[in-house]
Amino acid sequence: CAKLGAPFIHISTDYVFDGMKPVPYLETDQRNPTSVYGRSKAEGEDEILASGADVSIIRTSWVYAAHGANFLRTMLRLAESNDEVRVVADQIGGPTWAKDIARTVLDVAVRAESGDRKALGVFHYSGTGDASWADFAEAIFAAASRAGVRTARVKRITTAEFPTTARRPANSRLDTTKIEQLLGVIPRDWREGCELCVDELLG
């Protein structure tokens, strides 16, 4: 891309941060990944920024869609055979619909290709509004219930009660002010995106 003068767009993640900040992360905040995944993404950002190409890095979080393996589809699958699901309630982030990320990438790509230098650099993009995984699960089930699909009760638990191999950040919130002000990209409220995705999935 550097040799051809072609813009390069990279998708990164909230996992480059340690999740200890009490408010949403800015693009300029110190990265401190705590997992192999987060470290590999941070190293990828560094390599790309040092490449000499015109680069746009879009960090996002808690991605879900009507297809593939993701939290939304997992919740609906668990509800098919369980009356109750245990979901972590002390990790906070911004659930982000993959379709909205795709639209944002296309918008950035068009701007970068046209020579708009404001489209280059590091940006944060995620669904707006704060949510815990338990909040997200309840919103999924509420949307599914309106569509007449079987749902489950959400039992709120702590991270300590649901250990995982990779440590997840307690705070995955990303401040989207930069992409809003520089590029006019306004992220969707996470609850609206969740409802639209469930509607798409369930027809």
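This text gives an overview of the structure that appears in the document.

**Things to note about unusual backbone geometry**
We note that Trp62 has phi near 50°; this positive angle belongs to a residue other than glycine. Topologically, Trp62 is positioned in the loop between strand S2 (55-60) and strand S3 (63-64). Judged by relative accessible area, which is 7%, Trp62 ranks as buried.

**Focus: the environment of Arg188**
In this fold, Arg188 is placed in the loop between helix H5 (177-183) and helix H6 (190-202). The class for Arg188 is partly exposed, based on a relative accessible area of 22%. The spatial distance from the C-alpha of Arg188 to the C-alpha of Glu161 is 31 Å, given a sequence separation of 27 residues. Apart from the residues within four sequence positions on either side, Arg188 is in contact with Trp97, Asp100, Arg103, Tyr125, Gly127, Thr128, Gly193 and Leu196. Here Asp100 takes part through its side chain, which lies 2.8 Å from a polar atom of the side chain of Arg188.

**Considerations on the sheet that holds S2**
Spatial strand order, S1-S2-S7: three strands in an open sheet with parallel pairing. Strands with a single pairing partner mark the edges of an open sheet, and in this sheet they are strand S1 (8-13) and strand S7 (121-124). In this sheet, adjacent strand axes meet at a mean angle of 20° when their direction is disregarded. By the bridge criterion, four bridges tie S2 to S7 in an arrangement that is parallel. Paired with Arg59 across the strands is His124, a residue of S7. The strands that helix H1 (residues 36-49) touches are S1, S2 and S7; relative to S1, the one it contacts most, it runs at about 155°.

**Looking at the side chain of Lys41**
Note on placement: Lys41 falls in helix H1. Despite its burial, Lys41 pairs with no opposite charge; the closest candidate is Glu45, at 7.5 Å N-O.

**Regarding the nonpolar core**
Counting 29 residues, the largest nonpolar core has Val87 and Ile140 as the members making the most contacts within it. Breaking this core down by element, the ones donating at least two residues are helix H2 (71-79), strand S4 (84-88), helix H4 (133-146), strand S9 (153-157) and H6. Looking at which element gives the most residues to this core, the answer is H4, with nine residues. Core analysis: the next-biggest nonpolar cluster, separate from the first, contains 11 residues, Ile58, Leu120, Phe123 and Val185 among them.

**Here's the deal with the packing of H2 against H4**
Two quantities define a packed helix pair, namely the angle between the helix axes and the distance between the axes. Their axes nearest at 10 Å, the elements H2 and H4 cross at an angle of 65°. In the crossing of H2 with H4, the sense of the turn from one axis to the other is right-handed. Residues Phe71, Leu72, Met75, Leu76 and Ala79 of H2 touch H4, and the partners they reach there are Trp133, Phe136, Ala137, Ile140, Phe141 and Ala144. Taken together, the residues that form the contact of H2 with H4 break down as 11 nonpolar, no polar and no charged.

**Considerations on the pairing of S2**
On a regular strand, each side chain points to the face opposite its neighbour's, so the side chains alternate between the two faces of the sheet. Counted residue by residue, S2 has six buried out of six residues, so it is predominantly covered. Residues Val55, Ile57 and Arg59 of S2 are buried on one face, and the alternating residues Ser56, Ile58 and Thr60, pointing to the opposite face, are buried as well. As paired elements, S1 and S2 share six bridges and run parallel to each other. Among the inter-strand pairings, Ser12 is bridged to a residue of S2, identified as Arg59. Between the parallel pair S1 and S2, the chain is carried across by H1, and the sense of this crossover is right-handed.

Scoring rules and cut-offs
Residues numbered from 1 in each chain as written. Predicted model: local features only at pLDDT ≥ 70, side-chain atom pairs only at ≥ 80, totals over all residues. Heavy atoms only, no water. Helix = DSSP H or I, 4+ residues; strand = E, 2+ residues; numbered from the N terminus. Buried < 20%, exposed > 50% of the residue type's maximum accessible area, 1.4 Å probe, protein only. Contact = heavy atoms within 4.5 Å. Polar contact = N/O pair within 3.5 Å; in protein donor to acceptor, adjacent residues only side chain to side chain. Pairing = 2+ DSSP bridges. Axes fitted to C-alpha atoms, helices over the stretch in contact; angles between N-to-C directions. Lys, Arg positive; Asp, Glu negative; His and termini not counted. Salt bridge = Lys/Arg side-chain N within 4 Å of Asp/Glu carboxyl O. Core = buried A, V, L, I, M, F, W, Y, C linked by side-chain atoms within 4.5 Å. Left-handed = near helix turned anticlockwise from the far one by under 90°. Nonpolar A, V, L, I, M, F, W, Y, C, P; charged D, E, K, R; others polar. Right-handed = clockwise from strand over helix to strand, strands pointing away.

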